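Results of the structural survey
As a plain string of letters, each chain reads:
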Amino acid sequence: MEVPRIQARRILEYLKQGKRFDGRKTDEYRKIEVKVGISNKAEGSCSVKFGDTEVYAGVKMDIGTPYPDSQDSGNLSVGAELGPMASADFEMGPPKINAIELGRVIDRGIRESKFIDLKKLCIKEGEKVWNVYVDIYAVNDAGNLMDVAGLAALIALANAKMPVYNEKTERIEHEWTKNPLPLNKENLAFNMTLYRIDDHIVVDPTREEEEIAEFRISLAVGDDGEGGARITSIQKGKQGAISEEEMSELLDILEKKWKEIFPKIKKHVWG
Amino acid sequence: MNKKSLYTKREDGRAFDELRPIEAKVGIIPNADGSAMYKSGDTVAIAAVFGPRILHPQHMQNSQKGILRVSYDMMTFSVYERKKPGSNRRSQEISKVIEWALENCVDLSEFPNTVVDVFIQIPQADAGTRVAGINAAVMALAQAGVPMTEMISAVAVGKMDKTLVVDVNKEEEDYEEGEGATDIPVCFLSKSKKLALLQLDGKISPEELKKALEMGRKACEKIYEAQVKALKQVGEERE
Amino acid sequence: MERKIIVPGETIMTGEEFLPGNGTRREGKDIVASRFGLVDISEKLIRVIPLSGVYIPRRGNTIIGQVIDVNFSGWMIDFNGPANGFITLGEFPGYVNKDEMRDRLDFGDMVVAKIVNTSGKSIDLTLKMRGLGRIDDGMIIKINPNKVPRVIGKEGSMVTTIKEITRAEITVGQNGLISIEGKTIEDELNTKKIIEFICNNSYVEGLTERIKEYAEKELKIGEKDE
């Protein structure tokens, strides 16, 4: 059922008073719940919930060949599946554009922030490197899958352990070392998506709020080393266009919110 | 049957007719009409049921009764060697045999032109994924209020060399001594006790198979109790 | 009254004097459950009341749904059921010109309608009664349809109680959709919270009292007097 006009009107009326249907303020996130290690066959894995929205993420690795333009680096590949288990609005079959976009946005967020030291995942330059696959599955969509998926990917990577690699047989054993992945911890970037509904900027939207928003903007934000925000990737989604003032306002809200929430996010990621 | 079996003790110390520890929970996916998680040892299955709901495309509709549609898949990170995302022939075959099994216990005669969709995902695999999937799916179907004649329970019986065991784990699945491992997933209806799913790969004599089915039937009775317990806890949970 | 939870295939009672009601069937001397839910025995009639699951449309039920199609013969309505509903021109109050159909009821509009017939491929709906028609204002919430009887209460007593506390107008669809129109946003949010409270505590005894307590203590209704 699409959001009826009378409902959209109500959502706007509430927002004018700074209220949302579930009692939250416009810049308030739902309760975040994290469970690490949901698959003991994965290098790293977790389940993350923001309110009722739940996502599973897992990291698997294998040995492959490097890409021609990065002969000395391992490969990262992030994918997402938004399947019909999570919502009556999702269909069976290969990923549709929503899953494709989500996977690519999360991928960029991790890649551009240089969270993973891909050079350290090179075994033999030009010949043999580690492939890191991060796979994300939507389990229940109650809005804001993008941010939940982003956090789940980070937590799965942060908790991952390098598999045992037998140099002689060139095989990966079914065991893990105690070593984490080569990560640049200080480069951690958290994906935050801001949604605009009429004149209001909202974070962590419900499905209805997502649907009536004119645009959304996802930003991967980390620490610049001096306690300030550093944006390493951006994606504007949906059609709505942004004025200069709005962009300025958005960035102010982003900075303020990021300063507030990043310490909590770091705790979820690093424990 | 005169030669002694090489498999005298189970790796994890279980008795031959002993199940792995079971964990079952109903109502884990709020958007679904019914949902459940079933865990047997290290194998975890989650299931979500949507329906009865309108079936598209129209040409697939049955004007006499609703249809059941099952989709089983494994998450890429559920196994040691990453599984490529998306369905493959194995998952399609498993979806079909699960569908055939579940059709025995649902009654969709009052819902013509509809579909009941069952989605099964495996986040962590340690053998017996299809049977764990069925066990989760049945609880999800019940919670979804789908009319059912009875419940259904499934288990993977195994034969390690000449020893019959119940609830095979991954190590046992890979057993290679003597006659090796024979994997026999089975599924029994709770009231009629009829066999709703049977597959086998390995080697077995008709006599051994009869014994295996008997062991499977007994094991399924215990699994049924765990499923009923999980369902009854739903009503009592007031958060 | 402790109601027992029953699972499909379980025997509820044995005896030929019992009658199998909704959610049950007779097998020889036994009355057996056909659905998961709570056993309800009144006199000799045994029923299973579902705890969860989709809404099953019944003749005479009032439902709230959304217009998903408008064609020359009427309006198609999605109400989260196992089939869609249909309002023919004949079941719309007054005369409607084929050209003004969308002015009266357009794509995406919400309606309160009554089910007149459930046989056939789609569910026949009518708007030709008081209280039915397009919903022009309000907040729509969705609850488990199986909790609707508790929200309505015996002869509407629970809805009346809620209205007394929050002064909001509430229209409850048997399919679990509810429309709330309050004088203020607070009133609407409080109504929503009370309805959710009912759904989460539907087995509790003395629910009406608990609601009044909840409204006073948690929602602080009645502390600001106008």
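Since the model is a prediction, treat every value here as computed from it, not as a measurement.

Points about the overall build of chain C
Assigned secondary structure in chain C consists of five helices and 16 strands. In terms of its C-alpha atoms, chain C occupies a principal-axis envelope of roughly 60 × 55 × 20 Å. Counting every atom, chain C has about 11200 Å² of accessible surface; 47% of that belongs to carbon and sulfur. The averaged location of the 35 negative side-chain charges in chain C is 4 Å from the averaged location of its 32 positive side-chain charges.

Focus: the interface of chain B and chain A
With 29 residues of chain B at the contact, the number on the chain A side is 26 residues. In total, about 2400 Å² of surface goes out of reach between chain B and chain A, with carbon and sulfur atoms giving 59% of it. Counting the contacts that link chain B with chain A gives two salt bridges. When the shortest N-O distance is used, the salt bridge between aspartate 126 of chain B and lysine 41 of chain A registers 2.9 Å. Run the count over chain B and chain A and you get 15 residue pairs in polar contact (both at pLDDT 80 or more). Contributing elements (two or more residues each) for the side of chain B that touches chain A: strand S3 (43-54), strand S4 (67-74) and strand S5 (114-124) of chain B.

A short note on the sheet that holds strand S15 (residues 169-172) of chain C
Residues and elements named next belong to chain C. Strand order in the open sheet made by the three strands is S14-S16-S15, with antiparallel pairing throughout. The sheet terminates laterally at strand S14 (139-142) and S15, the two strands that pair on one side only. Each strand axis lies, on average, 20 degrees off the axis of its neighbour in the sheet, ignoring direction. Packing against the sheet, helix H4 (residues 185-200) makes contact with S14, S15 and strand S16 (177-181), and its axis sits at approximately 150 degrees to S16.

Topic: the state of the cysteines
Joining two cysteines, a disulfide is a covalent bond between their sulfur atoms. Residues and elements named next belong to chain B. Inspection of every chain in the model, using the stated rule, returns zero disulfides over all chains. Unpaired in terms of disulfides, cysteine 105 finds its nearest cysteine sulfur in cysteine 187, a separation of 7.7 Å. Here cysteine 105 falls in the buried class, since its relative accessible area comes to 0%.

A look at the nonpolar core
Residues Leu102, Val118, Ile120, Ile134, Leu141 and Ile152 of chain B are the most contacted members of the largest nonpolar core, which totals 67 residues. For this core, the leading source of residues is helix H2 (residues 129-143) of chain B, giving ten residues. Ignoring any residue separated from it by four or fewer positions in sequence, one finds isoleucine 152 of chain B in contact with Ala101, Leu102, Cys105, Ile134, Asn135, Val138, Cys187, Phe188, Leu189, Ala196 and Gln227 of chain B. Judged by nonpolar contacts, the second largest core, of 63 residues, contains Val59, Val105, Leu183 and Trp258 of chain A.

Some points on the pattern of salt bridges
One side chain can pair with another of opposite charge once the charged atoms of both are near each other. Under the defined criterion, the tally for this structure stands at 54 salt bridges over all chains. Measuring nitrogen to oxygen at the nearest pair gives 2.7 Å for the salt bridge that ties glutamate 260 of chain A to lysine 257 of chain A. Taken as a pair, glutamate 260 of chain A and lysine 257 of chain A lie in helix H5 (residues 244-270) at a separation of three residues, close to a single helical turn. For the salt bridge of glutamate 179 of chain B with lysine 159 of chain B, the shortest nitrogen-to-oxygen distance reads 2.7 Å. Separated by 20 residues along the polypeptide, glutamate 179 of chain B in the loop between helix H3 (170-173) and strand S8 (181-189) and lysine 159 of chain B in strand S6 (residues 152-160) bring together distant segments of the chain.

Some words on the domain arrangement of chain C
The domain boundaries assigned to chain C delineate domain 1 (5-50), domain 2 (62-135) and domain 3 (139-217). Taken over C-alpha atoms, the centre of domain 1 of chain C sits 36 Å from the centre of domain 2 of chain C.

Quick look at H4 of chain C
For H4 of chain C, spanning 16 residues, the distance from its first C-alpha to its last is 23 Å, which sits close to the expected 22 Å at 1.5 Å a residue. Among the 16 residues in H4 of chain C, twelve count as buried, and that is most of the element.

Side note on the environment of phenylalanine 107 of chain C
Looking at the secondary structure, you find phenylalanine 107 of chain C in the loop between helix H1 (101-104) and strand S11 (110-117). Taking the relative accessible area as the measure of exposure, phenylalanine 107 of chain C reaches 32% and is therefore partly exposed. Residues phenylalanine 107 of chain C and isoleucine 77 of chain C lie 30 residues apart in sequence; the distance between their C-alpha atoms is 9.5 Å. In this view, phenylalanine 107 of chain C contacts Arg5 of chain A together with Val67, Ile68, Asp69, Val70 and Arg102 of chain C; residues no more than four positions away in its chain are not counted.

Points about the sheet that holds strand S2 (residues 11-14) of chain C
Residue and element names in this part refer to chain C. Taken together, the three strands give an open sheet; going across it, the order is S2-S5-S4, and neighbouring strands pair in antiparallel fashion. Every other strand in the sheet has two partners, leaving S2 and strand S4 (24-27) as the edge strands with one partner each. Strand-to-strand twist of the sheet, defined as the mean angle between neighbouring strand axes without regard to direction, takes the value 25 degrees.

Focus: unusual backbone geometry
The peptide bond linking glycine 51 of chain B to proline 52 of chain B adopts the cis configuration, its omega dihedral lying at 5 degrees. If you trace the backbone, proline 52 of chain B turns up in strand S3. Histidine 56 of chain B connects to proline 57 of chain B through a cis peptide bond whose omega is 0 degrees. With respect to the helices and strands, proline 57 of chain B occurs in the loop between S3 and S4. The backbone of lysine 238 of chain A shows a phi angle near 70 degrees, a positive value even though the residue is not glycine. We classify lysine 238 of chain A as partly exposed; its relative accessible area is 35%. Of note in this structure, lysine 193 of chain B is not a glycine but carries a positive phi near 65 degrees. Among the secondary structure elements, lysine 193 of chain B is positioned in the loop between S8 and strand S9 (195-198).

Reading the values: the criteria
- Residues numbered from 1 in each chain as written.
- Chains lettered and ligands numbered in written order.
- Predicted model: local features only at pLDDT ≥ 70, side-chain atom pairs only at ≥ 80, totals over all residues.
- Heavy atoms only, no water.
- Helix = DSSP H or I, 4+ residues; strand = E, 2+ residues; numbered from the N terminus.
- Areas by Shrake-Rupley, 256 points an atom, 1.4 Å probe, with all protein chains shown as cover.
- Lys, Arg positive; Asp, Glu negative; His and termini not counted.
- Charge placed at Lys NZ, Arg CZ, Asp CG, Glu CD.
- Contact = heavy atoms within 4.5 Å.
- Buried area = accessible area lost by both parts, 1.4 Å probe.
- Salt bridge = Lys/Arg side-chain N within 4 Å of Asp/Glu carboxyl O.
- Polar contact = N/O pair within 3.5 Å; in protein donor to acceptor, adjacent residues only side chain to side chain.
- Pairing = 2+ DSSP bridges.
- Axes fitted to C-alpha atoms, helices over the stretch in contact; angles between N-to-C directions.
- Disulfide = S-S within 2.5 Å.
- Buried < 20%, exposed > 50% of the residue type's maximum accessible area, 1.4 Å probe, protein only.
- Core = buried A, V, L, I, M, F, W, Y, C linked by side-chain atoms within 4.5 Å.
- Domains from an automatic or database assignment.
- Expected span 1.5 Å × (residues − 1).

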